[in-house]
Amino acid sequence: MADIKLMKGNEAFAEAAIRAGCDAYFGYPITPQSEVLEYLTAQEPHKRTGMIVLQAESEIAAINMVYGAAGTGKRVMTSSSGPGISLKQEGISYMAGSELPCLILNVMRGGPGLGTIQPSQSDYFQATRGGGHGDYYTPVLAPASVQEMADFVRLGFELAFKYRNPVVILSDGIIGQMMEKVELFPQQPRAVEFDQSWVTTGKTPDRERNIITSVDLDSARQERHNQDLQKKYQNMREHEVRFESINCDDADYIFIAFGSASRICQKSVKIAREKGIKVGLLRPVTLFPFPAKEIKKLSKQVKGMLCVELNAGQMIEDVRLAVENNTLVALHNRMGGMVPTPEEVYHALLQKFSIE
Amino acid sequence: MEKENLRLDEIIREENIVFHKTSLLTDKVFSYCPGCGHGVVHRVIMEIIEELGIQSDTIGISPVGCSVFAYDFMNIDMQQAAHGRAPAVATGIKRCWPEKYVFTYQGDGDLAAIGTSETIHACNRGENIAIFFINNGIYGMTGGQMAPTTLSGMKSSTTPYGRDTMLMGNPIKMTELVATLPGTYFVTRQAVHTALYVRKFKKAARMAFENQKLKKGLSFIEVVSNCNSGWKMSPLQANRWMEENMLAFYPPGDIKINGELIKKT
Ligand SMILES: Cc1ncc(C[n+]2csc(CCOP(=O)(O)OP(=O)(O)O)c2C)c(N)n1
Ligand code: SF4
Ligand SMILES: [Mg+2]
């Protein structure tokens, strides 16, 4: 029988982590994602699966605990929001450089600075451009429902281990806080047998010592390492693009939106269709790699694309790059925790493209 | 006279060898300046791991500092940590492998400046790990800048006229500080510039690993060391200066054993 529950997005994420066989979670409280740590500590997963949950002294410590634990080959994760995610960037860069798998949830709030605890999508640039120092990318998954908050835990770990790379789940205060029905996948056992060829377990006589590091002062070797990393990211671009398209086939106009903004746009599509305007919605599910090919394809068949974002207009830069001037691209955005209504978005569409 | 005629292979015979290099040190030539204490500390830690027979169960963490490449020299599994974060990295590893031996190796800039928070909280949680804290009173790797441990009046490249404690604060005694936390089980200050001190340090290092089996808390071993390059002294001068000044302010000796403070801090 299906295991269906009514849960907050943050709780669904935490429950899914236990069920996905996650080995360890290290976190630090920050709104709007504190329910993750609260739910996990209440569940006492050390009794359910043996999963470790530890409240660290800071986000910096938490991500470095993740770094250490990931080096042992286990499935580890952390979660935070803007100010904390900024603190984690050094550690994420180290993990990208040393090729360690892990899962990082960002439940976005408005910035810059301490900003607001209200929802926002203003960490798009940070998430899709690596975020920390150095040339690197992380796959970025953007859930648009409580269901996806749960499902992306499994998908995230899959990608993290497939590419030995940190994976970011870029959620926001709406998806994290809202309650929805969610069908939970059954409990998976924690991995007992896993690839230990590269991890730190203690050097045994039958192998060379395993070293987790990102430093190499030999420029030729460091360049080769960087080239290898870039190949990996290219691989992701070729194989991991995910998107959802709603009513795009016959559309004259397309909304492009991810996460909570895409949920609003779903309603705006309905309003427009009721008024006889053929509108579709393209929702990038992976923000890196970005569904550029699909957007380019659509750009040749439509009259205009409206990016709807809860930020100053960040994803629109990727859309413009993909569209190559094939069609008009416009932006409707809100910031600082403000959220547009479906009607507002519909009217923005009419106005931006002078639809009578 | 007779000696000069002896051939090398006649001298290097099994019965004449008084010093064996542990197999847990690789053959890579140390990157440390001649006379630097880092190499001695490396050797002693590796000897202990070999003597205890725990190589296959030990994971070390190298810091950012002159010992960043400790994994080139130590023939064990290691993780390199971001500047100051080694105790957090060690926490992550130890929580995942609670039966393994985990240690960090950190300089004074790493442990007592940028990583103070990670140090104090790992100690306070009583993580069952060992922290080796190499205090040379200076930032060796970056060219001899002031560290939190730099003595009052001591010159460095960022205190060219000597550390002015009115401006820069006083040197911090991390070891005494962490000894006050219930999470630490063994806290000691050692040195490695003479054979006698090396022997004492080795005893302490052994205890730091043996303690991990007890799961009663963290072992914290400070090693007051030299940085002849950063101090702009010859190795001999540096050791003499260290004896007279560093050891006067950072006195060697055990501070906490088996969870009990034995020295007033
Ligand atoms: C985040 C960050 N800040 C600064 C540095 C530059 N840095 C490298 S080593 C070091 C100081 C190391 O001094 P210490 O820990 O005392 O080690 P020592 O070299 O003296 O053994 C600094 C500041 C860095 N690598 N990373
Ligand atoms: S700079 Fe100082 S600490 Fe670094 S290797 Fe040289 S003597 Fe040792
Ligand atoms: Mg130093």
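Predicted model only: the values in this text are computed from it and were never measured.

What should I look at first to understand the domain arrangement of chain A in this one?
You'll often see interface size given as the accessible area lost when the parts meet. Residues and elements named next belong to chain A. What the domain assignment lists for chain A is domain 1 (3-201 + 228-239) and domain 2 (244-352). On a C-alpha basis, the centres of domain 1 and domain 2 stand 27 Å from each other. Across the boundary between the two partners, domain 1 contributes 32 residues, which contact 26 residues of domain 2. For the pairing of domain 1 and domain 2, the buried interface totals around 2200 Å² over both sides, and the portion due to carbon and sulfur atoms is 58%. Per-residue buried area on domain 1 facing domain 2 is highest for Gln121, Tyr124 and Phe125; these three make up 31% of the total on that side. Our count for the domain 1 to domain 2 interface comes out at three salt bridges. In this structure, Arg283 engages Glu148 in a salt bridge whose closest nitrogen and oxygen atoms are separated by 2.7 Å.

Teacher, can you tell me more about the interface of chain B and chain A here?
Facing the 36 residues of chain B at the interface are 34 residues of chain A. Counting the surface lost from both chain B and chain A, the interface buries some 2800 Å², and carbon and sulfur atoms represent 58% of this. When residues of chain B are sorted by the area they lose upon contact with chain A, B:Asp77, B:Cys96 and B:Trp97 head the list and together hold 22% of the total. For the pair chain B and chain A, the interface holds three salt bridges. Between B:Arg125 and A:Glu57 there is a salt bridge; the shortest N-O distance is 2.9 Å. Our enumeration of links across chain B and chain A arrives at 20 residue pairs in polar contact (both at pLDDT 80 or more). Contributions of two or more residues to the side of chain B that touches chain A are made by strand 1 (58-62), helix 3 (70-73), strand 2 (77-80), helix 4 (86-96) and helix 6 (116-125) of chain B. Examining the composition of the side of chain B that touches chain A, we find that seven residues originate from one element, helix 4 of chain B, more than from any other. Taken together, the two bridges between strand 9 (residues 211-212) of chain A and strand 2 of chain B define a ladder with parallel strand orientation. Each residue of the ladder has a partner; that of A:Ile211, found in strand 2 of chain B, is B:Met78.

In this structure, what is going on with the packing of aromatic side chains? I would like to understand it.
Any pair of aromatic rings gets described here by the distance separating the centres and the angle formed by the planes. Counting across every chain of the model gives 17 aromatic pairs over all chains. Seen in terms of ring centroids, A:Tyr137 and A:Phe288 are 4.5 Å apart; in terms of plane orientation they differ by 10 degrees. Their pairing is stacked. With A:Tyr137 in the loop between helix 6 (124-128) and strand 6 (140-141) and A:Phe288 in strand 13 (residues 286-288), this pair connects stretches of sequence that are 151 residues apart. On the basis of relative accessible area, A:Tyr137 is assigned to the partly exposed category, the value being 24%. Seen from their ring centres, B:Phe30 and B:Phe73 are 5.1 Å apart, and the 80 degrees between their planes marks the pair as edge-to-face. Here B:Phe73 lies in helix 3 and B:Phe30 lies in the loop between helix 1 (8-11) and helix 2 (37-52), a separation of 43 residues in the sequence. The class of B:Phe73 is buried, set by a relative accessible area of 2%.

Explanation requested: the site of ligand 1 in the structure shown.
Near ligand 1, the surroundings consist of 17 residues, among which B:Cys66, B:Asp108, B:Gly109, B:Asp110 and B:Gly140 are the closest. Chain contributions to the surroundings of ligand 1 come from chains A and B. A distance of 2.9 Å separates an oxygen atom of ligand 1 from a polar atom in the backbone of B:Gly109. Note that an oxygen atom of ligand 1 is positioned 2.8 Å from one of the backbone N or O atoms of B:Asp110. Here ligand 1, which alone exposes 590 Å², has 76% of that area covered by the protein. With four residues, the single largest contributor to the shell around ligand 1 is helix 5 (residues 108-114) of chain B. Looking at the shell around ligand 1 residue by residue, the class counts come to six nonpolar, eight polar and three charged.

I keep staring at unusual backbone geometry and nothing clicks. Help me out?
The phi torsion of most residues other than glycine is negative, and most of the peptide bonds are trans. Residues and elements named next belong to chain A. Backbone torsion omega between Gly111 and Pro112 reads -5 degrees, so that peptide bond is classified as cis. Position of Pro112 relative to the elements: it lies in the loop between strand 5 (102-108) and helix 6. Here the amide bond leading from Phe288 into Pro289 is cis, since omega sits at -5 degrees, within 30 degrees of zero. With respect to the helices and strands, the residue Pro289 is situated in the loop between strand 13 and helix 11 (292-299). Positive phi outside glycine occurs at Glu44, with the angle close to 45 degrees. Summarising the element assignment, Glu44 is placed in the loop between helix 2 (34-43) and helix 3 (45-48). At Asn247, a position not held by glycine, the phi torsion is positive, near 55 degrees. Note that Asn247 resides in the loop between strand 10 (243-246) and strand 11 (253-256). Using a relative accessible area of 39% as the deciding quantity, one classes Asn247 as partly exposed.

The rules behind each value
Residues numbered from 1 in each chain as written. Chains lettered and ligands numbered in written order. Predicted model: local features only at pLDDT ≥ 70, side-chain atom pairs only at ≥ 80, totals over all residues. Heavy atoms only, no water. Domains from an automatic or database assignment. Contact = heavy atoms within 4.5 Å. Buried area = accessible area lost by both parts, 1.4 Å probe. Salt bridge = Lys/Arg side-chain N within 4 Å of Asp/Glu carboxyl O. Polar contact = N/O pair within 3.5 Å; in protein donor to acceptor, adjacent residues only side chain to side chain. Helix = DSSP H or I, 4+ residues; strand = E, 2+ residues; numbered from the N terminus. Pairing = 2+ DSSP bridges. Phe/Tyr/Trp six-rings, centres within 6.5 Å; stacked < 30°, edge-to-face > 60°. Buried < 20%, exposed > 50% of the residue type's maximum accessible area, 1.4 Å probe, protein only. Near = heavy atom within 4 Å. Areas by Shrake-Rupley, 256 points an atom, 1.4 Å probe, with all protein chains shown as cover. Nonpolar A, V, L, I, M, F, W, Y, C, P; charged D, E, K, R; others polar.

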